[in-house]
Amino acid sequence: MQTPVFLDHLPDIDTVTGQKPAQYRLMRNKALLDLMLDDQISWQTRSTCPACGEPLAKSRSFSQSMLEFQRCSGCNTIYATRVPDQATLDRVRLGQVVEESDREFEFTSLLNWVSLTEARLERRLDKVLDVRFATQALGFVEATKRLSHNRDWSFLALTPDSDDFIALQAEIAVAAPKAVLLPTELDRVADPAALLRAVKAAVSPGTVIFAASSCADGLEYEILGADSPSFVPLDRLTVFSIQGFETLAKNLGFKTLEVSTPGRRDAVILERYFKSAENSDIPFWSSFFREADKNRLRDLQILLQRSLKSGVLRFVLET
Ligand SMILES: [Zn+2]
């Protein structure tokens, strides 16, 4: 199994903690509060870890503010203990599409991921289906036209679906792709296992699935916990650990071809945290970040990627 490293330069901290991301977090929190106050919404209680199946009783509390989250003691995955139905989640997301100006790096990174994997597997992936990403990442369709030649792209729009993703399954089957890209769904859907099951049922054996999610093993989550700026509860109903996602994929009958944590933000987020005036002293890390220059931060981020400890995870699966 491959564990590649992806890093060229560190992002600007304002892309994570600036005014725009702060406003987006408030907007998503407001939407979550509205859902929690609406008695018409049906919520499903999770009694086991959505990744490895360990009983909720064995987990530890991760966050009690707003929605309750637990951290699984079996696999380290963080998850909300109850979730709204899928159609409601989808409707709320459709109501909050925000145009982010500069996502070129993210688009290039996804397209490179597909090309590099194709080269490594020595298998033509000339028909790729994007599942729901382009609906919220305005500009991705245009980026594929400009940057991804020799590949036929199709885009499955985000539309309110049922809990078992039956409509999505039918659409994927019609598209008959050689590869499926799922960059933003797994941490946001009510039941990630149901989504993966629907994808698997829709494609032919040997199809390659590119799945990404936020990663609970990331240093950012380890140190900041629920205070991490990436933790936006409505967008993070399940924050998978590597072990958790690996277990889920295996239990659903996928073969894991590649695991990586290409996150780029952990080092700059933690630097900002430790350099800000009010926070507790943590042995080693406090002085490490206070004295850190750009080179040290970059080295740390590479180390985190190599050790699968950065805040975003990516899996290449085969059906
Ligand atoms: Zn678990």
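Bear in mind that the values here come from a model prediction, so they are computed numbers and not experimental data.

(A) Local environment of the overall build of the chain. Regarding its fold elements, the chain presents 13 helices and twelve strands. By principal-axis analysis of the C-alpha atoms, the chain measures approximately 55 × 50 × 35 Å. Counting every position in the chain, which comprises 319 residues, the buried fraction comes to 41%. For the chain, long-range pairs separated by at least 24 residues make up 79% of all intrachain contacts whose partners lie at least 6 apart in sequence.

(B) Focus on the nonpolar core. Membership of the largest hydrophobic core comes to 65 residues, with the highest contact counts inside it found for Val180, Leu181, Val199, Ile209 and Phe210. The element that contributes the greatest number of residues to this core is helix α8 (residues 192–202), accounting for six residues. Excluding residues that lie within four positions of it along the chain, valine 180 makes contacts with Leu129, Val131, Ile172, Val199, Val203, Thr207, Ile209 and Phe210. Counting residues in each nonpolar core, the second largest holds nine residues, with Ala267, Val268, Leu300 and Leu304 among its members.

(C) Structural view of helix α13 (residues 294–306). With 13 residues, α13 should reach 18 Å at 1.5 Å per residue; the first-to-last C-alpha distance of 18 Å fits that figure. Listed in full, the buried residues belonging to α13 are Leu300, Gln301, Leu304 and Gln305. End-on, the buried residues of α13 take up no more than an arc of 135°, which puts them together on one face. Along α13, exposed side chains directed more than 90 degrees from the buried face belong to Asn295 and Asp299. Looking at the packing, one finds that the buried side of α13 touches α9 (219–224), β11 (255–260) and α11 (266–275). One or two positions beyond α13, positive phi appears at leucine 308, with a value near 55°.

(D) Representation of the sheet that holds strand β3 (residues 69–71) in the model. Reading across from one edge, β2-β3-β4-β10 is the order of the four strands in this open sheet, with antiparallel pairing throughout. For this open sheet the edge positions go to β2 (60–63) and β10 (238–239), each flanked by a neighbour on one side alone. In this sheet, strand β4 (residues 78–80) lies alongside β3 in antiparallel orientation, the contact comprising three bridges. Its bridge partner lying in β4, phenylalanine 69 is registered against alanine 80.

(E) Layout of the pairing of strand β6 (residues 127–131). For β6, the buried fraction is high: four of the five residues fall into the buried class. Two strands pair when backbone bridges link them, and β6 and strand β7 (residues 152–156) are joined in this way by five bridges, in the parallel orientation. Across the sheet, aspartate 130 pairs through a bridge with phenylalanine 155, a residue of β7. Strand direction decides the pairing type here: β6 and strand β8 (residues 179–182), joined by three bridges, are parallel. Paired with aspartate 130 across the bridge in β8 is leucine 181.

(F) The environment of serine 287, seen in detail. Secondary-structure assignment places serine 287 in helix α12 (residues 285–290). Distance from serine 287 to phenylalanine 274, taken between C-alpha atoms, is 8.3 Å for residues 13 residues apart in sequence.

(G) Examining unusual backbone geometry more closely. The phi angle at asparagine 76 is positive, at roughly 80°, despite the residue not being glycine. Among the structural elements, asparagine 76 can be located in the loop between β3 and β4. One non-glycine residue, phenylalanine 284, adopts positive backbone phi at about 70°.

(H) Fine view of the packing of helix α7 (residues 166–175) against α8. In contact at an axis separation of 8 Å, α7 and α8 are set at 30° when each is read in the N-to-C sense. Overall, the two elements α7 and α8 adopt an arrangement that is roughly parallel. Where α7 crosses over α8, the handedness of that crossing is right-handed. Residues Leu168, Gln169, Ile172 and Ala173 of α7 pack against Ala198, Val199, Ala201 and Ala202 of α8. Taken together, the residues of the contact of α7 with α8 break down into seven nonpolar, one polar and no charged.

Cut-offs applied
- Residues numbered from 1 in each chain as written.
- Predicted model: local features only at pLDDT ≥ 70, side-chain atom pairs only at ≥ 80, totals over all residues.
- Helix = DSSP H or I, 4+ residues; strand = E, 2+ residues; numbered from the N terminus.
- Buried ≥ 20, exposed ≤ 12 C-beta atoms within 10 Å, placed from the backbone.
- Contact = placed C-beta atoms within 7 Å.
- Core = buried A, V, L, I, M, F, W, Y, C linked by C-beta atoms within 7 Å.
- Expected span 1.5 Å × (residues − 1).
- Arc of directions from axis to C-beta.
- Pairing = 2+ DSSP bridges.
- Axes fitted to C-alpha atoms, helices over the stretch in contact; angles between N-to-C directions.
- Parallel < 35°, antiparallel > 145°, perpendicular 65-115°, else oblique.
- Left-handed = near helix turned anticlockwise from the far one by under 90°.
- Nonpolar A, V, L, I, M, F, W, Y, C, P; charged D, E, K, R; others polar.

All we've got here are geometric facts, nothing functional implied.
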